[in-house]
Amino acid sequence: GWSKKYPFNDGDLTICGQVLCNYLNSAEKLGTEVPWPDLRYIFGEIMYGGHITDFWDRRVCNTYLHNLITVELLNNLTLAPPAFKSPDASKMDYVHYQKFVEERFPPEQPQLFGLHPNAEVGFL
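What counts and how
- Residues numbered from 1 in each chain as written.
- Predicted model: local features only at pLDDT ≥ 70, side-chain atom pairs only at ≥ 80, totals over all residues.
- Heavy atoms only, no water.
- Salt bridge = Lys/Arg side-chain N within 4 Å of Asp/Glu carboxyl O.
- Helix = DSSP H or I, 4+ residues; strand = E, 2+ residues; numbered from the N terminus.
- Buried < 20%, exposed > 50% of the residue type's maximum accessible area, 1.4 Å probe, protein only.
- Lys, Arg positive; Asp, Glu negative; His and termini not counted.
- Contact = heavy atoms within 4.5 Å.
- Axes fitted to C-alpha atoms, helices over the stretch in contact; angles between N-to-C directions.
- Parallel < 35°, antiparallel > 145°, perpendicular 65-115°, else oblique.
- Left-handed = near helix turned anticlockwise from the far one by under 90°.
- Nonpolar A, V, L, I, M, F, W, Y, C, P; charged D, E, K, R; others polar.

Two side chains with opposite charge may pair up if their charged atoms get near one another. All chains considered together, the criterion is met by two salt bridges. Residue E45 is joined to R58 by a salt bridge in which the shortest nitrogen-to-oxygen separation is 3.1 Å. A residue pair is termed long-range when its members are at least 10 positions apart, and E45 in helix α2 (residues 36-47) and R58 in helix α3 (residues 55-68) qualify at 13 residues. For E45, a relative accessible area of 29% puts it in the partly exposed group. Here R58 falls in the partly exposed class, since its relative accessible area comes to 23%.

Here it is, written out as structure tokens:
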């Protein structure tokens, strides 16, 4: 968890989603690999990282990004314990992929991210 509250908002998430979409579309159009390290840097040091002032909180953010923003994200990456894996993006279109995640992703809770159940106490 974070050592303090940060002003993250829906706009941060929306912009990161747009950046990710642009990079994925560009890589597909150009027939190149997705530059995952670039995306991790943009999200972790600029978009979300721009809000983070504590060294250890930045380290937590970058650790999450290092483990989640990878090529496996679109092909069988374990996104949530014990066994929720990302679907294979090559086997379904965007609408079905989104529906799969929305319907099957487990409820958001601290344990989902490897945190203690009390991690959300300050936000109730």
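Right, let's talk about the side chain of D12 for a bit. Topologically, D12 is positioned in helix α1 (residues 10-30). Summary of buried charges: D12 has no salt-bridge partner, and the nearest side chain of opposite charge, R58, is 13 Å away. Aside from chain neighbours lying at most four places away, what touches D12 is P7, M47, Y48 and H51.

It is worth spelling out the packing of α1 against α2 at this point. Put simply, α1 and α2 touch, their axes get as near as 11 Å, and they point 160° apart. Regarding the angle of α1 to α2, the classification is roughly antiparallel. For the pair α1 and α2, the crossing hand works out as right-handed. Of the residues in α2, those touching α1 at D12, I15, C16, V19, L20, Y23 and L24 are W36, D38, L39, I42, F43 and M47. Split by residue class, the contact of α1 with α2 holds 11 nonpolar, no polar and two charged.

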